[in-house]
Amino acid sequence: MGLLSEGTPLSWSETQKHSEHVRQHGIRQFISLYYRLKDRTKDSLKWGDEVEYQLVRLTKSAASSSDQQQQQQSQFASQLSLVADQILPELQREEIENGGRASTLWRPEYAAYMVEGVPGEPYGHLLAHLNLVEANMRKRRAQVQSLLGSDVYALTLTAFPRLGCPDFCYPGAKPTPEGGVSCSAFLPDEVIYSGHPRFRTLTRNIRERRGKKVAINIPVYRDLNTPDGLLEPPTEHTAAALPGHIYMDAMGFGMGCCCLQMTFQACSITEAYLLYDQLTPLSPVLLALSAASPVHRGWLADTDTRWRVISGAVDCRTDEEMGLKPLERNRFRIAKSRYDSIDSYLSADGQAYNDIPLTMDEDILRQLMEAGVEPSLSRHLAHLFIRDPVSLFSEKIHQSDTEESDHFENIQSTNWQSMRFKPPPTNSTIGWRVEFRCAEVQLTDFENAAYVVFIVLLTRVLLTLQIDLLMPISKVDENFNRAQQRDAVKRQKFFFRSGAHLYDNDPELVKAELREFTLDEIVNGCQDFPGLVPLIRQYLSMSHTDVDTMCTLNQYLNLIQKRARGELLTTAAWIRKFVTEHPVYQRDSRCTEAISSDLMAKCVEITQGSYRPDELLPCTSSKTSDTLPQVISDAELYLDNRPRRNGPK
Amino acid sequence: MNDIPILPKCRSIVFETGNILNWNRLKKRPLTALPASEEILDSIRCLFNGWLNAQTEQHSLQYTDQLRVTCPVQKQLDMAQRQAMLDDREELRIYIKLTVYIDTYWRGAVSDAVETALASLAAEDCDGVVLSLVSSGPQPPLLDEVKPIWAELEELRAADVVGSLGLADVDSDLLEQLYDWAAEKPSIYQLSAQAACTAPSRLREFASANRLQVLVHSDPADPLPADRLRDIFGGVLGAADATGWQPGWLARITTSYRHRGVVSSWGFVSKVQRQVA
């Protein structure tokens, strides 16, 4: 969701004037936080998830069924419903009335058709807490759904297939390529959430900084009748379209996608570095396993994820920064967009694997090092801080370096990376945290809970068994490329440490013996690697799990294992199959209005549980519950307070 | 291999693994997917071999009556954990899963097991002991067989050496009878992880009515079968040392960091015994 300060957004040229001010004070704010909080220890494991929803309007088509057949229409029509600003106040009412406390919390997201929900309290450290996730997700969905009209559905859909196609939104709106905020040939500005100026401001500023609108080109899936060359006839507003690619030209195409995120609190800054680093090689694995977005702007892509789309959608780099022109007005060549995979590990042991050049603001690096911030963290921040702020509010320009942190958060929250390292906020009891950001969101609460629980269990396994998964960052980036490809689960291999080296601390040996594994081998195990799920089961056998939680975990792990093995399709593969097997599909890679609406109707049924494609979902369900069993919370309380032989020390 | 026994007078051996999680790190042993039933036996074999190789002379072993076999390699790591135990006991949760062999049970065996387990961690108390019983024959344990064993646990509980008590795998009849009879009731019931989704309703209702936590485990029913023990002794020491060994008890010990869901150590101590002429 990012930083939602109140106030009056500045224009781009005004914002740019304050760029150095924001950076300098942002770093001082960080240094102040760091000093106060770097020695915090014994923070407990708390964690939470964030789920994003798209509001989709599904209506019965007016045409008669014979017309439908003739004109290859569906019995449904589907659009994105631009009502987020209407329902958010109601969604947030409980929180506002109770001083920030509620069982679920809601935030706006980029698009007027999106909302984001998180649990009201973070989950705790017990395995029994894992059994609460799905129930809380169901509650959130029910809450949103109850506020929507009878034709509108809250879907956890990563990408609406016909975003930016004619008549894709309701109320209808026209794109304004000649002016406005996005200047898109396809996406009207009405698509941007208007209840807060942040999103429109970001859109406009990124475009103005860049000097032209964003250009996203995603390779199209080549089928028998797919047009050669440019997919669509060129116009003056689509000059940046590449042949054989799906062209998109607005921030909304990326930031209007939904995803699934998790944040973990570590017990200390060192543990936070360790989690950040060890989750990094797992990011491409989760991206491939959760892939759910093979269709963009009505075209079937040759990729299955949103990653490249969002990367392009917020790419504020100028031609100079991208290396297309010599550097004159800009300071640096920058290799990646603000939205992309991370560029360096943070732990001391991880430094040996940082093998891609890190562009840094040297002055900021010097300040951090002189202030005693660890070199790895200094380098990380000096790299994040090469970016300009792309949104600034007039009331927030002058801030305290010690009491406030908006300038730091400004740059931090507009570096959208695969992992985010989050210092404790000022004036709170929250500790050092790590955010895991790659997973795509699935259609059902069961699946989303399964993926979330899988990652949480992996963090516990990593900390318990103390295995080391680190590999050169360049190889992680290579894995990221592979993870996005069509059917990556079945068709790609990924660099991963082999089992023989899980305790190795000789980077040269590790690099020399890095192997490529299929996702099945990584998740389920093989001769040379024990498998992520077997490792989880080993951890579970050492832990206290209650019977209902174990039943639920078995169901979740079963789903993950089957997806990795290819026994169940990923959501992307299922969507792709739906499109290509649809009676109206012309083998031309087009996801027409008819196909898309039928797909949306099916997604609604799947979400509601009235239809279960058995190639996508298993037939069992979990034993998720709204609350911790009383006996378990009582037992924890008892153990925390019980008298000991010879008394507590 | 020779025909002269190495430990002719030995009647009792305690195997103490220390933290097996450290073994893997130190030996850089790739994590294997040994079935649970094999893991304990394999660890004993490794421990025993390691111990034998570290013996500089074997002559004095001829007179040894009792033996303690520990892991020679990892003392430093374990020392650090022992220090943490002393400094920070409040931050840790210690659980013991105690398997008692009814056939070879003797009065005091439970205390012996718990105290040995705690000593191996440099701890003075633990947060819970879950009792698992192995009967000799196919019939399940009888209440009268369990009573003395449970009575020992009650003493430990009364002295705050043990924070809570539990039972594993007993049938509903025995559970309910024991619950009725015991002064200190179990607060935990453990059943096998495979049965998690199909736990019988009688058990669930009883647990719910009596505030029993129902937890799962993946431990084998009989972790130290006598014949496998004799195979290990035969393999490590020789046929002449293998006869007569019987399992006494096995204490699986898990230590976790409070409020973090991270296991800090896992291992076991075990006593095996035999009669000697």
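Conventions we followed
Residues numbered from 1 in each chain as written. Chains lettered and ligands numbered in written order. Predicted model: local features only at pLDDT ≥ 70, side-chain atom pairs only at ≥ 80, totals over all residues. Heavy atoms only, no water. UniProt positions renumbered as here; feature names shortened; annotations may be inferred. Helix = DSSP H or I, 4+ residues; strand = E, 2+ residues; numbered from the N terminus. Rg over C-alpha atoms; globule rule 2.2 N^0.38 Å. Buried < 20%, exposed > 50% of the residue type's maximum accessible area, 1.4 Å probe, protein only. Contact = heavy atoms within 4.5 Å. Areas by Shrake-Rupley, 256 points an atom, 1.4 Å probe, with all protein chains shown as cover. Lys, Arg positive; Asp, Glu negative; His and termini not counted. Charge placed at Lys NZ, Arg CZ, Asp CG, Glu CD. Pairing = 2+ DSSP bridges. Axes fitted to C-alpha atoms, helices over the stretch in contact; angles between N-to-C directions. Parallel < 35°, antiparallel > 145°, perpendicular 65-115°, else oblique. Left-handed = near helix turned anticlockwise from the far one by under 90°. Nonpolar A, V, L, I, M, F, W, Y, C, P; charged D, E, K, R; others polar. Salt bridge = Lys/Arg side-chain N within 4 Å of Asp/Glu carboxyl O. Buried area = accessible area lost by both parts, 1.4 Å probe. Polar contact = N/O pair within 3.5 Å; in protein donor to acceptor, adjacent residues only side chain to side chain. Core = buried A, V, L, I, M, F, W, Y, C linked by side-chain atoms within 4.5 Å. Phe/Tyr/Trp six-rings, centres within 6.5 Å; stacked < 30°, edge-to-face > 60°. Lys NZ or Arg CZ within 6 Å of the ring centre and 35° of its normal. Disulfide = S-S within 2.5 Å.

The name an unreviewed UniProt entry assigns to chain B is GCS light chain, from the organism Macrostomum lignano. Reading the Subunit (unreviewed entry) entry of the UniProt record for chain B gives the comment "Heterodimer of a catalytic heavy chain and a regulatory light chain." Word for word, the UniProt comment on chain B under Sequence similarities (unreviewed entry) is "Belongs to the aldo/keto reductase family. Glutamate--cysteine ligase light chain subfamily."

Within an unreviewed UniProt entry, the label attached to chain A reads Glutamate--cysteine ligase, and the organism entered is Macrostomum lignano. What the UniProt record of chain A gives under Pathway (unreviewed entry) is the line "Sulfur metabolism; glutathione biosynthesis; glutathione from L-cysteine and L-glutamate: step 1/2." Per its UniProt entry, chain A bears the Catalytic activity (unreviewed entry) comment "L-cysteine + L-glutamate + ATP = gamma-L-glutamyl-L-cysteine + ADP + phosphate + H(+)".

Trainee: Talk me through the overall build of chain A; I want residue IDs and the actual numbers.
Mentor: Within chain A one finds 24 helices and 18 strands. Computed over C-alpha atoms, the radius of gyration of chain A comes to 24 Å, within 12% of the 26 Å expected from 2.2 N^0.38 for 649 residues, which places it in the range of a compact globule. If one aligns the C-alpha atoms of chain A with their principal axes, the spans along those axes are about 85 × 60 × 60 Å. Here chain A holds 649 residues, and the buried ones make up 65% of them. For chain A, the proportion of contacts with a sequence separation of at least 24, taken over those separated by at least 6, is 75%. For chain A, the exposed surface amounts to about 23300 Å²; the carbon and sulfur share of it is 48%. Of the side chains in chain A, 71 bear a positive and 84 a negative charge, and the two mean positions are spaced by 1 Å.

Trainee: Could you give me a rundown of the overall build of chain B, with the residues and numbers involved?
Mentor: Helix and strand content of chain B: eight helices and nine strands. The buried share of chain B, taken over its 277 residues, is 54%. Taking all contacts inside chain B whose residues are at least 6 apart in sequence as the whole, residues at least 24 apart take part in 76%. Carbon together with sulfur atoms contributes 51% to the accessible area of chain B, which is approximately 11800 Å² in total. The averaged location of the 36 negative side-chain charges in chain B is 4 Å from the averaged location of its 27 positive side-chain charges.

Trainee: Report on the pairing of strand 3 (residues 104-108) of chain A, specifying residues and quantitative values.
Mentor: Two faces, one strand: in a regular strand the side chains alternate between the faces of the sheet. Residues and elements named next belong to chain A. Where burial is concerned, most of strand 3 is hidden: four out of the five residues are buried. Pairing of strand 3 with strand 4 (residues 114-119), which is carried by five bridges, proceeds in the antiparallel orientation. Across the sheet, residue tryptophan 106 finds its bridge partner in strand 4, namely glycine 117. Hairpin connection, strand 3 to strand 4: the antiparallel pair is bridged by five residues.

Trainee: Tell me about the packing of helix 6 (residues 133-147) of chain A against helix 15 (residues 445-465) of chain A, residues and numbers included.
Mentor: For any two helices packed against each other, the geometry comes down to the angle between their axes and how far apart the axes lie. Residue and element names in this part refer to chain A. Where helix 6 contacts helix 15, the axes come no closer than 9 Å and their chain directions differ by 135 degrees. By the angle between their directions, the pair helix 6 and helix 15 is classed as oblique. Seen from above, helix 6 lies across helix 15 with right-handed handedness. For the pair helix 6 and helix 15, contact is made by Val133, Glu134, Met137, Arg138 and Arg141 and by Asp445, Phe446, Asn448, Ala449, Val452 and Val453, respectively. Class assignment for the residues of the contact of helix 6 with helix 15 results in six nonpolar, one polar and four charged.

Trainee: Kindly report on the pattern of salt bridges, identifying the contributing residues and their values.
Mentor: All chains considered together, the criterion is met by 70 salt bridges over all chains. Overlapping salt bridges, with partners in common, bring together Glu20, Arg23, Arg209, Glu321 and Asp388 of chain A in one network.

Trainee: Let's hear about the interface of chain A and chain B: which residues, and what values?
Mentor: Listed by partner, the interface residues are 50 residues for chain A and 49 residues for chain B. Surface buried jointly by chain A and chain B totals about 4300 Å² across both partners, of which 51% is contributed by carbon and sulfur atoms. Taken together, the connections running from chain A to chain B amount to 17 residue pairs in polar contact (both at pLDDT 80 or more). Secondary-structure elements contributing two or more residues to the side of chain A that touches chain B are helix 15, helix 20 (532-541), strand 18 (545-546), helix 21 (547-565) and helix 24 (630-641) of chain A. If you tally residues by element for the side of chain A that touches chain B, the top one is helix 24 of chain A, at eight residues. When the residues that make up the side of chain A that touches chain B are grouped by side-chain class, the tally is 22 nonpolar, 14 polar and 14 charged. The pairing of strand 18 of chain A with strand 7 (residues 213-217) of chain B spans two bridges and is antiparallel. Looking at strand 7 of chain B, one finds that threonine 545 of chain A is bridged to valine 216 of chain B.

Trainee: Give me the lowdown on unusual backbone geometry, citing residues and values where you can.
Mentor: Trans peptide bonds make up most of the peptide bonds, and negative phi angles are found at most residues other than glycine. In this structure, the amide linkage connecting tyrosine 170 of chain A to the following residue, proline 171 of chain A, adopts the cis form with an omega of 0 degrees. Its location among the elements puts proline 171 of chain A in the loop between strand 6 (169-170) and helix 7 (198-210). In the Ramachandran plot, glutamine 466 of chain A falls in the positive-phi region, its phi being about 55 degrees despite a non-glycine side chain. By the element assignment, glutamine 466 of chain A lies in the loop between helix 15 and helix 16 (473-483). The phi dihedral of aspartate 169 of chain B falls on the positive side, at around 65 degrees, and the residue is not glycine. Along the polypeptide, aspartate 169 of chain B turns up in the loop between strand 5 (165-168) and helix 6 (172-181). Take aspartate 169 of chain B: its relative accessible area is 40%, and that puts it in the partly exposed class.

Trainee: Give me the lowdown on the nonpolar core, citing residues and values where you can.
Mentor: Counting residues in hydrophobic clusters, the biggest one holds 292 residues, and the most contacted among them are Leu377, Phe421, Phe454 and Trp574 of chain A together with Ile13, Phe48 and Leu98 of chain B. At 15 residues, the largest contribution of residues to this core is made by helix 15 of chain A.

Trainee: Can you explain the packing of aromatic side chains? Please cite residues and give values.
Mentor: All names here are of chain A. A full pass over the atoms with the stated rule returns 26 aromatic pairs over all chains. Arranged with centres 4.6 Å apart and planes meeting at 40 degrees, the rings of tryptophan 47 and tyrosine 123 form a pair that is tilted. In this pair, tryptophan 47 sits in strand 1 (residues 47-60) while tyrosine 123 sits in the loop between strand 4 and helix 6, placing the two residues 76 residues apart along the sequence. The two residues tryptophan 47 and tyrosine 123 agree in class, both being buried. Between tyrosine 110 and phenylalanine 199, the ring centres sit 6.0 Å apart and the planes meet at 80 degrees, which makes this aromatic pair edge-to-face. In this pair, tyrosine 110 is assigned in the loop between strand 3 and strand 4 and phenylalanine 199 in helix 7, connecting sequence segments 89 residues apart. For the pair tyrosine 110 and phenylalanine 199, one class covers both residues: buried. Linked through ring pairs, Phe30, Tyr34, Tyr35, Tyr273, Tyr276, Phe385, Phe408, Phe421 and Trp432 together constitute an aromatic cluster. Against the face of tyrosine 611 rests lysine 602, its NZ or CZ located 4.8 Å from the ring centre.

Trainee: Which residues make up the sheet that holds strand 5 of chain B, and what values go with them?
Mentor: If you walk across this open sheet you meet the 10 strands as 18(A)-7(B)-6(B)-5(B)-4(B)-3(B)-8(B)-9(B)-1(B)-2(B), and the pairing is mixed. The strands lining the two open edges of the sheet, one partner per strand, are strand 18 of chain A together with strand 2 (66-70) of chain B. Both strand 6 (residues 188-192) of chain B and strand 7 of chain B contribute to a ladder of five bridges, which runs parallel. Bridge pairing in strand 7 of chain B places leucine 191 of chain B opposite valine 216 of chain B. Strands in contact with helix 24 of chain A are strand 18 of chain A together with strand 3 (92-101) and strand 7 of chain B; relative to strand 3 of chain B, the strand with the most contacts, it is inclined by about 105 degrees. Sitting on the sheet, helix 4 (residues 109-121) of chain B is in contact with strand 1 (12-16), strand 3, strand 4 (128-134), strand 8 (246-257) and strand 9 (262-273) of chain B, with an inclination near 40 degrees to strand 8 of chain B.

Trainee: So, the state of the cysteines: which residues are in play, and what are the values?
Mentor: Residues and elements named next belong to chain A. Applying the stated criterion to the full structure yields zero disulfides over all chains. Cysteine 316 supplies the cysteine sulfur nearest to cysteine 183, a cysteine that is in no disulfide, at a spacing of 17 Å. For cysteine 183, a relative accessible area of 13% corresponds to the buried category. For cysteine 257, which is in no disulfide, the shortest distance to another cysteine sulfur is to cysteine 258 and amounts to 7.5 Å.

Trainee: Provide a residue-level description of helix 13 (residues 375-384) of chain A, including the pertinent values.
Mentor: Extensive coverage of helix 13 of chain A is indicated by the burial of eight of its 10 residues. All buried positions along helix 13 of chain A are accounted for by Ser376, Leu377, Ser378, His380, Leu381, Ala382, His383 and Leu384 of chain A.

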